[in-house]
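Geometric and topological summary
Each chain, letter by letter, is given below.
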Amino acid sequence: MSERHSSNPQYILGQTSQHDQLMIRQGKLLNSFTRRMLEDAGISQGMRVLDIGCGPGDVSLLAASLVGKEGRVVGVDSSVAAIARAQARAADAGFSQTSFQVADIHQLDDEQPFDAIVGRLILQHVPDPVALLRRLLTRLRTGGVVAFQEYDLSPQTYATLPASPLWEQAQEWCRGAFQRFGRELRMGMKLPGTFVAAGLPVPQLRYEAAIGTGRDWEGYEVLAAAVRAFLPAILRLGVATAEEIDIETLASRLREESVSQGGVTRYIGLVSAWTSTGVQ
């Protein structure tokens, strides 16, 4: 349920292979939303883009496809493993316009100004998102673009039709661990206020959610992967027991509960916010 910010010692998901697998699976649900946000924000040919908390590189690769060979995308993450995977994926895609750095997002070495700063599911893990945005803005050229996406982790009571108790329970396991860890559940809805407090113009907004039905929908595996990634925290914080979760069968049980009743299932709401420092 998050992009990586493992430079924070209290980062709930840690640096695990389960986390990277979640990010890539999750990208299948979110990448179309992210690409549309980047396009609407004005990411285009020849731009220089900074991707904060890039993880295994999904957002960086989307930005690279928009800036073209004349542009540049710099992805930053504190996980060596995530950066190695991002580099490999960029090479496989033939994106020579990308580069990746293992670095704390609060302490970047690159002093050259960027045309755009972007991030997905990163601010929810930052103790002071306003302070981080203010710091990042010093790296942005005048008139540059800022675009972020964050979840709205509000209760998912109406996320399925007919009701799917296991789906709602699995969402609550993750949400419960996230909340008990002191993380911001509604960062998506707080993006406008965060932008303005950092000195940015009021952003444009979009609220979207992946939705699916039938046996082949990827969402069942994505939610099960989220629970797996959160599992150590869920167990440590007493949110649920291993027996209750039964992680090895969770994806199949989620699928069967929905498919058996011809159900429709919605994943977590994603808020996109974008603006330009040139907007008055």
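Above this text you will find the structure in question.
Predicted model only: the values in this text are computed from it and were never measured.

Rules of the game
- Residues numbered from 1 in each chain as written.
- Predicted model: local features only at pLDDT ≥ 70, side-chain atom pairs only at ≥ 80, totals over all residues.
- Heavy atoms only, no water.
- Helix = DSSP H or I, 4+ residues; strand = E, 2+ residues; numbered from the N terminus.
- Rg over C-alpha atoms; globule rule 2.2 N^0.38 Å.
- Buried < 20%, exposed > 50% of the residue type's maximum accessible area, 1.4 Å probe, protein only.
- Areas by Shrake-Rupley, 256 points an atom, 1.4 Å probe, with all protein chains shown as cover.
- Lys, Arg positive; Asp, Glu negative; His and termini not counted.
- Charge placed at Lys NZ, Arg CZ, Asp CG, Glu CD.
- Pairing = 2+ DSSP bridges.
- Expected span 1.5 Å × (residues − 1).
- Right-handed = clockwise from strand over helix to strand, strands pointing away.
- Salt bridge = Lys/Arg side-chain N within 4 Å of Asp/Glu carboxyl O.
- Arc of directions from axis to C-beta.
- Contact = heavy atoms within 4.5 Å.

Attention now moves to the overall build of the chain. Within the chain, the regular secondary structure consists of 9 helices and 10 strands. Against the globule reference of 19 Å for 280 residues, the chain gives a C-alpha radius of gyration of 18 Å, in line with a compact fold. Its C-alpha atoms give the chain principal-axis dimensions of about 55 × 40 × 35 Å. Expressed as a percentage of its 280 residues, the buried residues of the chain come to 57%. As presented, the chain carries roughly 11200 Å² of accessible surface, and 51% of it is formed by carbon and sulfur atoms. Both charge centroids of the chain, one from 27 positive and one from 30 negative side chains, sit 2 Å from each other.

Now for the sheet that holds strand β6 (residues 160–161). On the basis of which strands lie adjacent, the open sheet formed by 3 strands has the order β6-β9-β8 and antiparallel pairing. Each edge of the open sheet is held by one strand with a lone partner, namely β6 and β8 (211–213).

Strand β10 (residues 269–276) sits mainly inside the fold: 8 of its 8 residues count as buried. Both strand β5 (residues 140–152) and β10 contribute to a ladder of 8 bridges, which runs antiparallel. The residue bridging E150 from the neighbouring strand is V271, located in β10. Sheet topology note: the strand β7 (residues 204–208)/β10 ladder contains 5 bridges and is antiparallel. Looking at β10, one finds that L205 is bridged to A273.

So, on to helix α7 (residues 219–236). Over its 18 residues, α7 runs 26 Å from end to end, which matches the ideal 26 Å to within 8%, given 1.5 Å per residue. Here α7 lies mainly inside the structure; 14 of its 18 residues are buried. Taken from the residues just after α7, G238 is the one with a positive phi, measuring 75°.

The next thing to look at is the pairing of strand β4 (residues 114–120). The element β4 is largely enclosed, with a buried count of 7 among its 7 residues. Across 4 bridges, the pairing between strand β1 (residues 48–52) and β4 is parallel. From the neighbouring strand, D51 faces β4, where its bridge partner is V118. For β4 and β5, the ladder comprises 6 bridges, and the chain directions are parallel. Within β5, the residue paired with V118 across the bridge is A147. Running through helix α4 (residues 129–137), the crossover from β4 to the neighbouring parallel element β5 is right-handed.

Let us now look at the pattern of salt bridges. In the structure shown here, the tally under the stated rule is 12 salt bridges. In this structure, R175 and E172 form a salt bridge, with 3.8 Å as the shortest nitrogen-oxygen distance. Remark: E172 and R175 occur in helix α5 (residues 165–180); sequence separation between them is 3 residues, near one turn of the helix. A residue is classified by how much of its surface remains accessible, and R175, at 16% relative accessible area, is buried. Using a relative accessible area of 31% as the deciding quantity, one classes E172 as partly exposed. With its nearest N and O atoms 2.5 Å apart, the salt bridge here joins E256 to R215. Of this pair, E256 sits in helix α9 (residues 247–259) while R215 sits in the loop between β8 and α7, and the two are 41 residues apart along the sequence.

With that settled, consider helix α6 (residues 187–197). Of the positions making up α6, those classed as buried are M187, G188, L191, T194 and F195. The arc enclosing the buried residues of α6, seen along the axis, measures out at 95°, which places them on a common side. Residues of α6 that are buried make contact with α4, β5 and β10. Count one or two residues on from α6 and you reach G199, which has phi positive near 100°.

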